[in-house]
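Single-letter residue listing:
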Amino acid sequence: MKNLTSPGLLLDMAAFHALFDTVAAVGCTPLGGLNRVAASQEDGQSRDLVCAWLAQRHFKISVDRVGNIYALLTLADPTAPYVLTGSHLDSQPRGGRFDGAYGVIGACIVADAMRTCAQQQFSHNLGVVIWTNEEGARFSPSMLGSGVFAGRYTSDFALSRQDVHGVTLAQALGQIGYLGDSEAPAVPAAYVELHIEQGGLLEISNAGIGVVEGNWGAVKYAVTLRGTAAHTGPTPMEQRRDALLAAAKLVVACRAISDATFGKLLTSVGRMDIEPNSSNVIAGSVTVYADLRTTDNALLIESSLEFERAASTIAADAKIEVDLQQVVNRSAGIFDAGLCTLVEQVATAKGYRPMRLSTIAGHDAIALCPLCPTAMIFVPSKDGISHNEAEFTSSTDLEAGLDVLGGTLHELLRKPLTP
Ligand SMILES: [Zn+2]
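Residues numbered from 1 in each chain as written. Predicted model: local features only at pLDDT ≥ 70, side-chain atom pairs only at ≥ 80, totals over all residues. Heavy atoms only, no water.

Turning our eyes to something else, we now look at helix 8 (residues 243–259). The end-to-end C-alpha distance of helix 8 is 24 Å, a good match for the 24 Å that 17 residues give at a rise of 1.5 Å each. All buried positions along helix 8 are accounted for by A243, A246, A247, L250, A253, C254, I257 and S258. The arc that holds the buried residues of helix 8, viewed along the axis, is 140°, so those residues lie on one side. Across helix 8 from its buried face, at more than 90 degrees, point the exposed residues V252 and R255. Taken together, the buried residues of helix 8 touch strand 7 (217–226), strand 9 (266–275), strand 11 (285–294) and helix 9 (297–317). (Helix = DSSP H or I, 4+ residues; strand = E, 2+ residues; numbered from the N terminus. Expected span 1.5 Å × (residues − 1). Buried < 20%, exposed > 50% of the residue type's maximum accessible area, 1.4 Å probe, protein only. Arc of directions from axis to C-beta. Contact = heavy atoms within 4.5 Å.)

Have a look at this one:
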């Protein structure tokens, strides 16, 4: 039987922890989390740190028009296809240290180990990638950089996205020096992303490694309800056109759509922008951000229509206007079966307990999925907590993930080229 334990590949775990901690200090919050939204000064500093680390180790770094960073390493014939691995460095405003950064730093350490792993016969070259604006916290939609790479969005569309202050992604990237002009590299032979699970299945199942078989579908909305701002005192109740009351009803309706499916569909409203947001003014306008997720594409379509009908009905009853925008529409999908098997076999050969699961959260890998064979490797998140300053993964689990990423890439990089 084939030896899948990647003999000769030495991962420098001390270097991993050192670089991880250095990067985690940029934008860290008092509670040990991270505030490093896309293209912020902190995002720029973390990019600088990782690029400097890679440049010192002779990676060839380029930045494309939307700020995606590629660090390529020639391991084989320079014209040979390359395998890509990486993730993102941006975070939610009060996110955790592990989401994204783990996959970037892990990719750096594993790639560097490939570089120094002499006497190996590689058929492929290797690239580390840092995608722009995966989180979608500052610029919507999420997975923007990887979406441009995959041809889902144009660069112009991505660069024109604005944050709440009207700053475009182009301006923000320019300010941190990452508005590049390089062409993105060609479509990779494969993409492998290492990430924390952001859920609790691995921990509950006592499995150290998650093999991601597919992704949940998601539809996200920005629904703006427009009533009339007025004094909360003298305005008679029957004359009020209260946008916040309508928004509250929409939040409840959104939850009810999930309840009717007995958990098959997950729904939430995590944000509302209220105008003018004063305790003495009936809200004139509220934007409600809702998301619906499930593995069942038919249910997703049906539930989205139900949500849209609910928004119209609630607005009509409250005599207010509604403007509904679908900002994300992602079908449930499956990852490459061959790569799933490879990750599983590598994990088993190295003595870890792999478990197959689907990702509910969005990831750059989902954007890459239609483009090339794609895999994701998950490690446990303590108590399933993520997008939270308390996000935590133990060193043992982090190192196990690196080990499996190393083994998987080691196999892919040596795979005979198909004519
Ligand atoms: Zn992430």
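Since the α-helix turns once every 3.6 residues, residues separated by three or four places project in the same direction. Here helix 2 (residues 41–56) contains 16 residues, and its C-alpha end-to-end distance of 22 Å stays within 8% of the 22 Å for a straight helix at 1.5 Å per residue. Taken together, the buried residues of helix 2 touch helix 1 (13–24), strand 1 (60–63), strand 2 (69–73), helix 3 (101–116), strand 4 (125–131) and helix 6 (169–176). Phi for H58, located one or two positions after helix 2, is positive at around 70°.

Bringing the nonpolar core into the picture now. Grouped together as the largest cluster of nonpolar side chains are 98 residues, with contacts concentrated most on V50, Y102, M114, L402 and L409. If you tally residues by element for this core, the top one is helix 3, at eleven residues. Residue contacts for V50: discarding those within four places in its chain leaves V23, L89, V104, I105, C108 and I130. (Core = buried A, V, L, I, M, F, W, Y, C linked by side-chain atoms within 4.5 Å.)

At their nearest, the axes of helix 8 and helix 9 sit 10 Å apart, and the two run at 155° to each other. Overall, the two elements helix 8 and helix 9 adopt an arrangement that is roughly antiparallel. Here helix 8 and helix 9 pass one another in a crossing that is right-handed. Together, A246, K249, L250, A253, C254 and I257 of helix 8 and S303, E306, F307, A310, A311 and I314 of helix 9 make up the contact between the two elements. (Axes fitted to C-alpha atoms, helices over the stretch in contact; angles between N-to-C directions. Parallel < 35°, antiparallel > 145°, perpendicular 65-115°, else oblique. Left-handed = near helix turned anticlockwise from the far one by under 90°.)

Turning to the sheet that holds strand 7, a few remarks are in order. The sheet built from four strands is open, its strands ordered 9-11-7-12 with antiparallel pairing. Since the sheet does not close on itself, it has two edges, and those belong to strand 9 and strand 12 (321–330), each with one partner. With strand direction ignored, the average angle separating the axes of adjacent strands in the sheet is 15°. One ladder, built from nine bridges, connects strand 7 with strand 12; its direction is antiparallel. Within strand 12, the residue paired with L225 across the bridge is V322. Where helix 8 meets the sheet, it contacts strand 7, strand 9 and strand 11, and its direction lies at approximately 170° from that of strand 9. With respect to the sheet, helix 9 is in contact with strand 7, strand 11 and strand 12, its orientation differing from that of strand 7 by roughly 5°. (Pairing = 2+ DSSP bridges.)

Quick look at the packing of aromatic side chains now. Overall, the coordinates contain ten aromatic pairs when judged by the stated rule. Between F16 and Y102 the ring centres are 6.1 Å apart and the planes differ by 75°, which places this aromatic pair in the edge-to-face class. Placement of F16 in helix 1 and of Y102 in helix 3 is noted, with a sequence separation of 86 residues between them. Of the two residues examined, F16 and Y102, each falls in the buried class. (Phe/Tyr/Trp six-rings, centres within 6.5 Å; stacked < 30°, edge-to-face > 60°.)

This paragraph deals with the state of the cysteines. The full count for this structure, using the stated rule, is zero disulfides. This cysteine, C28, is not joined by any disulfide, and C108 carries the nearest cysteine sulfur, 20 Å off. You can call C28 partly exposed: its relative accessible area is 45%. Lacking any disulfide linkage, C369 is separated from the closest cysteine sulfur, that of C372, by 8.2 Å. (Disulfide = S-S within 2.5 Å.)

Turning next to the pairing of strand 4. Along strand 4, seven of the seven residues are buried, which leaves the element largely enclosed by surrounding structure. Every second residue of strand 4 is oriented toward a common face, with N125, G127, V129 and W131 on one face and L126, V128 and I130 on the other, all of them buried. By the bridge criterion, five bridges tie strand 2 to strand 4 in an arrangement that is antiparallel. From the neighbouring strand, Y70 faces strand 4, where its bridge partner is V129. Of the strand pairs in this sheet, strand 3 (residues 82–88) and strand 4 are connected by seven bridges, and their pairing is parallel. Bridge pairing links T85 to V128 in strand 4.

Attention now goes to the pattern of salt bridges. Overall, the coordinates contain 15 salt bridges when judged by the stated rule. For R115, the salt bridge goes to D112, with nearest N and O atoms at 2.8 Å. With R115 and D112 both in helix 3 and three residues apart, this pair spans about one turn of that helix. Residue classification places R115 among the partly exposed residues on the basis of a relative accessible area of 32%. Judged by its relative accessible area of 13%, D112 is buried. We note a salt bridge from E213 to R356, for which the minimum N-O separation is 3.0 Å. Taken together, the residues E213 in strand 6 (residues 209–215) and R356 in strand 14 (residues 354–359) connect sequence positions 143 residues apart. Bridged by salt links that share partners, the residues R57, D112 and R115 form one connected network. (Salt bridge = Lys/Arg side-chain N within 4 Å of Asp/Glu carboxyl O.)

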